[in-house]
Amino acid sequence: AQSVAQPEDQVNVAEGNPLTVKCTYSVSGNPYLFWYVQYPNRGLQFLLKYITGDNLVKGSYGFEAEFNKSQTSFHLKKPSALVSDSALYFCAVRPSTGGGNKLTFGTGTQLKVEL
Amino acid sequence: KAGVTQTPRYLIKTRGQQVTLSCSPISGHRSVSWYQQTPGQGLQFLFEYFSETQRNKGNFPGRFSGRQFSNSRSEMNVSTLELGDSALYLCASSLMTGPQETQYFGPGTRLLVL
């Protein structure tokens, strides 16, 4: 069975500084990895995904993520954080075979960007 | 293109009642999945429907059921509600079913069971 770990419940960053939200995964076979963001009282918004190819994936709103197979990690990054980036971030995984559309999510990381 | 819509947005029920939640996917999307989000258990997969057939099911009791109609709209039903069913229920749609597909989520239905 697949699993996702987001080791930090909360990450605090000053506006303008780079941010990293960590994610590690466990899955049989090749992983398909996703990042979503959730604002208060809203559903999840898709940010980016890794399927295959380049290990650096670029997504919406200036976010990017780096896939590292040896470390089984898929950390979310942004070069310069904005206060408006403050939200709850979820990493999710699917195995490349089986499981259909089922996503397995991490517990989420609350990002707080301060002035 | 309109996003995923869910109705109602908020719902209050009492224990023992049943509830039906509705989801309209993005136009052209044929797969609909449902997730439950709670503070304690996080985001958990309930089930997926594609072409009116249930493709996957999560580890939830039989009180949780769903269906999909020919226009891809989906409903989920929870019978004999329990306090622990209080949650945000999220619907997600994708063009097809398969591991590469991106799921797009609706705003959710917040269910409170008293």
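In case you missed it, the structure is sitting above this.
Since the model is a prediction, treat every value here as computed from it, not as a measurement.

This part covers the overall build of chain B. Scanning chain B from terminus to terminus reveals 0 helices and 11 strands. Ordered by position in the sequence, the α and β elements of chain B form the string β-β-β-β-β-β-β-β-β-β-β. Against the globule reference of 13 Å for 114 residues, chain B gives a C-alpha radius of gyration of 13 Å, in line with a compact fold. Burial status across chain B gives 51% buried among its 114 residues. Sequence separation of 24 or more characterises 55% of the internal contacts of chain B that already satisfy a separation of 6 or more.

Before going further, it helps to spend a moment on the overall build of chain A. Scanning chain A for helices and strands turns up 0 helices and 12 strands. Going from N to C terminus, chain A has its helices and strands arranged as β-β-β-β-β-β-β-β-β-β-β-β. Taken over the C-alpha trace, chain A has a radius of gyration of 14 Å; the compact-globule value for 115 residues is 13 Å, and the two agree within 12%. Dimensions of chain A, computed from the C-alpha atoms along their principal axes, are close to 45 × 30 × 20 Å. Intrachain contacts of chain A at a sequence separation of at least 6 include 56% that bridge at least 24 residues. Counting every atom, chain A has about 5300 Å² of accessible surface; 48% of that belongs to carbon and sulfur. If you average the places of the 10 positive and of the 8 negative side-chain charges in chain A, the two averages end up 9 Å apart.

Once that is clear, we can look at the nonpolar core. Trp35, Leu47, Leu48, Phe74, Leu76 and Tyr89 of chain A are the most contacted members of the largest nonpolar core, which has 27 residues in total. Taken together, the elements giving at least two residues each to this core come down to β2 (10–14), β3 (19–21), β5 (31–38), β6 (44–50), β8 (64–68), β9 (73–78), β10 (87–95) and β12 (109–114) of chain A. Sorting elements by how many residues they give to this core places β10 of chain A first, with 4 residues. Ignoring any residue separated from it by four or fewer positions in sequence, one finds Leu48 of chain A in contact with Leu33, Phe34, Trp35, Val57, Lys58, Gly59, Phe63, Glu64, Ala65, Phe74 and Leu76 of chain A. With 21 residues, the next largest nonpolar core counts Val4, Val32, Leu46 and Leu111 of chain B among its residues.

Another aspect to go through is the sheet that holds strand β7 (residues 64–68) of chain B. Hydrogen bonds along the backbone pair up the strands of a sheet, which may run parallel or antiparallel. Residues and elements named next belong to chain B. Ordered by their spatial adjacency, 4 strands build an open sheet running β1-β3-β8-β7, and the pairing between neighbours is antiparallel. At either end of the open sheet lies a strand with only one pairing partner, and these are β1 (5–7) and β7. Mean inter-strand twist for the sheet, computed between neighbouring axes without regard to direction, equals 20°. Pairing of β7 with strand β8 (residues 74–78) involves 5 bridges; the strand directions are antiparallel. Each residue of the ladder has a partner; that of Gly66, found in β8, is Met76.

Contacts between the two partners involve 21 residues from chain A, matched on the other side by 24 residues from chain B. In total, about 1800 Å² of surface goes out of reach between chain A and chain B, with carbon and sulfur atoms giving 51% of it. Our enumeration of links across chain A and chain B arrives at 0 salt bridges. On the surface where chain A and chain B come into contact, there are 13 residue pairs in polar contact (both at pLDDT 80 or more). Of all the secondary structure elements, the ones that give two or more residues to the side of chain A that touches chain B are β5, β6 and β10 of chain A. No other element matches β5 of chain A, which puts 4 residues into the side of chain A that touches chain B. In the side of chain A that touches chain B, the residues fall into 10 nonpolar, 7 polar and 4 charged.

It is worth spelling out the state of the cysteines at this point. Following the criterion strictly, the structure yields 2 disulfides over all chains and no others. Between the sulfur of Cys23 of chain A and that of Cys91 of chain A lies a disulfide, 2.0 Å long from S to S. Taking the torsion about the sulfur-sulfur bond, which here is approximately -60°, the covalent link between Cys23 of chain A and Cys91 of chain A counts as left-handed. Pair noted here: Cys23 of chain A is in the loop between β3 and β4 (24–26) and Cys91 of chain A is in strand β10, with a separation of 68 residues, a long-range link. As far as the burial class goes, Cys23 of chain A and Cys91 of chain A line up, both buried. Across the disulfide, Cys23 of chain B is cross-linked to Cys91 of chain B (sulfur-sulfur distance 1.7 Å). Disulfide Cys23 of chain B-Cys91 of chain B: the torsion about the S-S bond is -55°, which places it as left-handed. Note that Cys23 of chain B is positioned in strand β3 (residues 19–24) and Cys91 of chain B in strand β9 (residues 87–94), a separation of 68 residues in sequence.

Reading guide: rules and limits
- Here, residues in each chain are numbered from 1, in the same order as that chain's written sequence.
- For naming, the first written chain is A and the first written ligand is 1, with later ones following in the order written.
- Per-residue local features are limited, in this predicted model, to residues with pLDDT of at least 70; the limit for side-chain atom pairs, both in listing and counting, is 80 or more; totals at the level of whole chains, interfaces and linings are taken over all residues.
- As a convention, hydrogens and water are excluded, and side-chain values are obtained from all of the structure's heavy atoms.
- Here a strand is any run of E in DSSP of at least two residues, a helix any run of H or I of at least four, and the numbering for each starts at the N terminus.
- Based on C-alpha atoms, the radius of gyration is set beside the globule rule, defined as 2.2 Å times the residue count to the power 0.38.
- For each residue, the accessible area found with a 1.4 Å probe, counting protein chains only, is set against the maximum for its type, and the residue is called buried under 20%, exposed over 50%, and partly exposed in between.
- Residues count as neighbours in contact if any of their non-hydrogen atoms are within 4.5 Å of one another.
- Working definition of accessibility: Shrake-Rupley area with a 1.4 Å probe, residue cover restricted to the visible protein chains.
- Two residue types count as positive, namely Lys and Arg, and two as negative, namely Asp and Glu; His and chain ends fall outside the count.
- Where a charge lies is defined by one atom per residue type, namely NZ (Lys), CZ (Arg), CG (Asp) and CD (Glu).
- What makes a nonpolar core is a set of buried Ala, Val, Leu, Ile, Met, Phe, Trp, Tyr and Cys residues whose side-chain atoms join them at distances within 4.5 Å.
- Two strands qualify as a pair provided DSSP detects at least 2 bridges between them.
- Structural elements are reduced to axes, namely lines fitted to C-alpha atoms, with helices fitted over the stretch in contact, and the angle between N-to-C directions of any two is expressed from 0 to 180 degrees.
- Throughout, buried area stands for the accessible area (probe radius 1.4 Å) lost by two parts on being put together, summed over both.
- Salt bridges are defined as contacts in which a side-chain nitrogen from Lys or Arg sits within 4 Å of a carboxyl oxygen from Asp or Glu.
- Any pair of N or O atoms that falls within 3.5 Å is considered a polar contact. Within protein, one atom must be able to donate a hydrogen and the other to accept it, and sequence-neighbouring residues count only if both atoms are side-chain atoms.
- Under the scheme applied, nonpolar residues are Ala, Val, Leu, Ile, Met, Phe, Trp, Tyr, Cys and Pro; charged residues are Asp, Glu, Lys and Arg; polar residues are all the others, including Gly.
- In this description, the term disulfide denotes a pair of cysteine sulfurs within 2.5 Å.

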